[in-house]
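Listed here are the chains, written in short residue letters.
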Amino acid sequence: MKIGVLDVQGAVSEHIKHLELCDVEAVAVKTEKQLNQVCGLILPGGESTTIGRLVELFGLADAIRERSREKSLSVFGTCAGMILIAKEITDGTTGQPSLGLMDIAVKRNAFGRQRESFETSLRFKSLDEPLTAVFIRAPIIERAGEGVEALAEMPEGTVAARQGNLLTTSFHPELTTDLRVHRFFIAMCEEKA
Ligand code: GLN
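Residues numbered from 1 in each chain as written. Predicted model: local features only at pLDDT ≥ 70, side-chain atom pairs only at ≥ 80, totals over all residues. Heavy atoms only, no water.

Novice: Explain empty space enclosed by the protein to me, please; I cannot follow it from the model alone.
Specialist: Once rolled over the atoms, a probe with the size of a water molecule shows which space is left empty. Within the structure shown, the criterion is met by one cavity of 30 Å³ or more. Reported here for the largest cavity is a volume of approximately 40 Å³. What lines the largest cavity is Leu 131, Thr 132, Phe 171, Pro 173, Thr 176, Asp 178 and Val 181. Residues that form the lining of the largest cavity fall into these classes: four nonpolar, two polar and one charged. (1 Å grid on protein atoms, 1.4 Å probe; cavity = no way out; pocket = protein on both sides within 12 Å on 5 of 7 lines; lining within 4 Å. Points joined across faces, edges and corners; volume = space filled by probe spheres on them. Nonpolar A, V, L, I, M, F, W, Y, C, P; charged D, E, K, R; others polar.)

Encoded structure:
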């Protein structure tokens, strides 16, 4: 089983390292050919406007939408990747590019200036012990559709959720040594592999 990390901008190598530590073959995905080899794709953190523009420019956006819709691809968006995976962005710049996959409305930079970057202990559904979650200018989920299951909550809103073959976290699981969130995504990819 191969899992890809979208490689147009952002925290790519950290995700690849985590996948490899989970004994999964990981590939950086820049082309449609590479995309066709994977059954899961991580949309990393970075700058969502840049990633969104580049993913269109590299001709990958429609292929990701198509494979996600037909459920041959699981998709995991972290931080900026949450903005990309969302159907609605509540305060994006006009024309903020997005893949529009998951039935959620997301607010960018939702924690305000005082709490731009921080880490906190967080309960994540189905994990026995809390994890340390690293937030960097993170978005939150303000609204979620019926088919969306919230996996982690903060006072400000939902910070992790799943909808079928789609997973998203506001925080950066690739920036700690904890592999459990990546394992959770790998299990989602295995379900349909
Ligand atoms: N705030 C960034 C954005 O809107 C996301 C930050 C991140 O991915 N660490 O794109």
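Having seen the model, we can carry on.
Novice: Explanation requested: the state of the cysteines in the structure shown.
Specialist: Cysteine pairs can be covalently joined through their sulfur atoms, and such a bond is termed a disulfide. With the rule as written, the count across this model stands at zero disulfides. There is no disulfide at Cys 22, and the cysteine sulfur nearest it, in Cys 189, is 11 Å away. (Disulfide = S-S within 2.5 Å.)

Novice: Please clarify how unusual backbone geometry should be interpreted in this entry.
Specialist: Negative phi values dominate among residues other than glycine, just as trans dominates among peptide bonds. A positive phi angle, close to 65°, is found at Asp 23, a residue other than glycine. If you trace the backbone, Asp 23 turns up in the loop between α1 (12-21) and β2 (25-29). What makes Asp 23 exposed here is its relative accessible area of 75%. (Helix = DSSP H or I, 4+ residues; strand = E, 2+ residues; numbered from the N terminus. Buried < 20%, exposed > 50% of the residue type's maximum accessible area, 1.4 Å probe, protein only.)

Novice: Looking at this model, I keep getting lost on the site of the ligand. Mind explaining?
Specialist: Residues in close proximity to the ligand include Gly 45, Gly 46, Glu 47, Ser 48, Cys 79, Ala 80, Ile 83, Arg 108, Asn 109, Ile 136, Arg 137 and His 172, which together make up its full environment. Between an oxygen atom of the ligand and a main-chain N or O atom of Ala 80, the distance comes to 3.1 Å. Taking Ile 136, its main chain carries an N or O atom lying 3.1 Å from a nitrogen atom of the ligand. Out of a free accessible area of 300 Å², the ligand has 97% covered by protein chains. Its atoms largely coinciding with the cavity grid, the ligand occupies the largest pocket. Each residue belonging to the shell around the ligand can be placed in one class, and the counts come to four nonpolar, five polar and three charged. (Near = heavy atom within 4 Å. Polar contact = N/O pair within 3.5 Å; in protein donor to acceptor, adjacent residues only side chain to side chain. Areas by Shrake-Rupley, 256 points an atom, 1.4 Å probe, with all protein chains shown as cover. Sits in = over half its atoms within 2 Å of the grid points.)

Novice: Help me understand the pattern of salt bridges in this model?
Specialist: Under the defined criterion, the tally for this structure stands at eleven salt bridges. Between Lys 2 and Glu 25 there is a salt bridge whose closest N-O contact spans 3.9 Å. Of this pair, Lys 2 sits in strand β1 (residues 2-6) while Glu 25 is found in strand β2, placing the two residues 23 residues apart along the sequence. In this structure Glu 25 comes out as partly exposed when scored by relative accessible area, which is 46%. Each of Glu 56, Asp 62 and Arg 65 takes part in one network of salt bridges that share partners. (Salt bridge = Lys/Arg side-chain N within 4 Å of Asp/Glu carboxyl O.)

Novice: What is the right way to look at helix α3 (residues 48-57) in this model?
Specialist: Three or four residues apart is the spacing at which side chains of an α-helix point the same way, because the helix has 3.6 residues per turn. Listed as buried for α3 are Ser 48, Thr 49, Ile 51, Gly 52, Leu 54 and Val 55. Residues of α3 that are buried sit in contact with β1, α4 (61-69) and α5 (80-85). You can read the cap of α3 off the contacts: a side-chain oxygen lies 3.2 Å from the backbone nitrogen of Thr 49, and it is on Glu 47. Once α3 finishes, Gly 59 follows within two positions and takes phi at roughly 70°, a positive value. (Contact = heavy atoms within 4.5 Å.)

What is shown is where atoms sit, not what they do.
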